[in-house]
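One-letter residues, chain by chain:
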Amino acid sequence: MVKDVFGLANSATFVVSVTSNAGGVGSARVSAVFNGAPIISVFTADPGQISMDGPTSGVMAVMATDPEDDTLSYSWTVPSDSPCTVQFANPTEASTLFTVSSTAAGTSSCTFLVAVSDGYWPGTSFVRNISTASLTLAVTPPLVVQVPPIFGIAYQSRDIATAGSLVTFAAIASDPAGGNLTFAWSASSGSAPAAGDPVSLGLDPAFATAATWTVPDGEPDAGSDLVVTVTATSPVSNLQSSFNFSLAPANQP
């Protein structure tokens, strides 16, 4: 038995077979080699959930150490009855890319297994020690980024509101949720802006919008700007953002 300063103890039992000895005296020499199992300290996955709407790919990693600094080997698997179809790109490495290509109907989670071993006993095919760990990830609806569209570059062909003049507007926006934005234009007075062609301005229609607007007759009061507004709507998050263009009246001092 071996006991440490904290009172923790461990023991090992050896069986010695005694054979007939005419002299009645015998002896045995027993050698014991102790070898500790690998210690798994970290098991991580990114992303931390599996999408129920399609394949999910990511990275898994395990961090392990061995008391004797033995060379470690790794094996990534899933339970034999797993409802998740999983492929590991590097199933014998400490970290691996993984892809969950499908899940059975009604599946709420996928479990991943890793086994860490520290080699074989010298001269044998017996593995010294194996440590295992598991990580279960929930199967969830795809996450929707709850961030409204973001406007970047904006352009207007003039800053002064002269009655009857035609003004061209354009704006570039992006959707953090990954959708294809829709745009709507409005004006504080006069007729509604007419949709324009962003391509004619050298802009990608996937991320940009354009419009033309005729300044209405009758000058606004000095200090009161005319406002043209473009609103972007995300079809994924259903959130909106607006950008206001301002035109100062021609008679403003």
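For the structure, check the block above.
Remember, it's a predicted structure, so these values are computed and weren't measured experimentally.

Caption draft 1: Geometry of the sheet that holds strand S14 (residues 182-187). Taken in spatial order, the four strands line up as S12-S18-S17-S14 in an open sheet, and their pairing is mixed. Bordering the open sheet on either side are strand S12 (160-161) and S14, each of which pairs with just one other strand. Where strand S17 (residues 226-233) and strand S18 (residues 240-249) come together, eight bridges link them in antiparallel fashion. Across the sheet, residue Val 230 finds its bridge partner in S18, namely Phe 243.

Caption draft 2: Region of interest: the nonpolar core. Ile 50, Val 100 and Phe 112 are the most contacted members of the largest nonpolar core, which has 20 residues in total. Residue assignment for this core shows that the elements contributing at least two residues are strand S5 (56-65), strand S6 (73-77), strand S7 (84-88), strand S8 (95-103), strand S9 (109-117) and strand S10 (130-140). Ignoring sequence-local partners within four residues, the contact set of Val 100 consists of Ile 50, Gly 54, Pro 55, Thr 56, Cys 84, Thr 85, Val 86, Cys 110 and Phe 112. By size, the runner-up hydrophobic cluster in this structure holds 17 residues, among which are Trp 185, Val 228, Val 230 and Ala 232.

Caption draft 3: Quick peek at the pairing of strand S13 (residues 166-174). Where strand S11 (residues 150-156) and S13 come together, five bridges link them in antiparallel fashion. If you follow Tyr 155 over to S13, its bridge partner there is Ala 170. Of the pairings in the sheet, the one linking S13 to strand S16 (residues 208-214) comprises seven bridges and is antiparallel in character. Residue pairing across strands places Ala 170 opposite Ala 210, the latter belonging to S16.

Caption draft 4: Region of interest: the state of the cysteines. Taken as a whole, this structure holds one disulfide when the rule is applied. Two residues, Cys 84 and Cys 110, share a disulfide whose sulfurs are 2.0 Å apart. The sign of the -90 degrees torsion about the S-S bond sets the Cys 84-Cys 110 disulfide as left-handed. Of this pair, Cys 84 sits in strand S7 while Cys 110 sits in strand S9, and the two are 26 residues apart along the sequence. The residues Cys 84 and Cys 110 share a single accessibility class, namely buried.

Caption draft 5: Quick peek at the sheet that holds S6. Taken together, the four strands give an open sheet; going across it, the order is S4-S10-S9-S6, and neighbouring strands pair in mixed fashion. Of all strands in the sheet, those bounded by a partner on one side alone are strand S4 (49-51) and S6. The average undirected angle you get between the axes of adjacent strands in this sheet is 30 degrees. Inspection of the sheet shows S6 paired to S9 by five bridges, in the antiparallel sense. Paired with Ser 75 across the bridge in S9 is Ala 115.

Cut-offs used in this document
- Residues numbered from 1 in each chain as written.
- Predicted model: local features only at pLDDT ≥ 70, side-chain atom pairs only at ≥ 80, totals over all residues.
- Heavy atoms only, no water.
- Pairing = 2+ DSSP bridges.
- Helix = DSSP H or I, 4+ residues; strand = E, 2+ residues; numbered from the N terminus.
- Core = buried A, V, L, I, M, F, W, Y, C linked by side-chain atoms within 4.5 Å.
- Buried < 20%, exposed > 50% of the residue type's maximum accessible area, 1.4 Å probe, protein only.
- Contact = heavy atoms within 4.5 Å.
- Disulfide = S-S within 2.5 Å.
- Axes fitted to C-alpha atoms, helices over the stretch in contact; angles between N-to-C directions.

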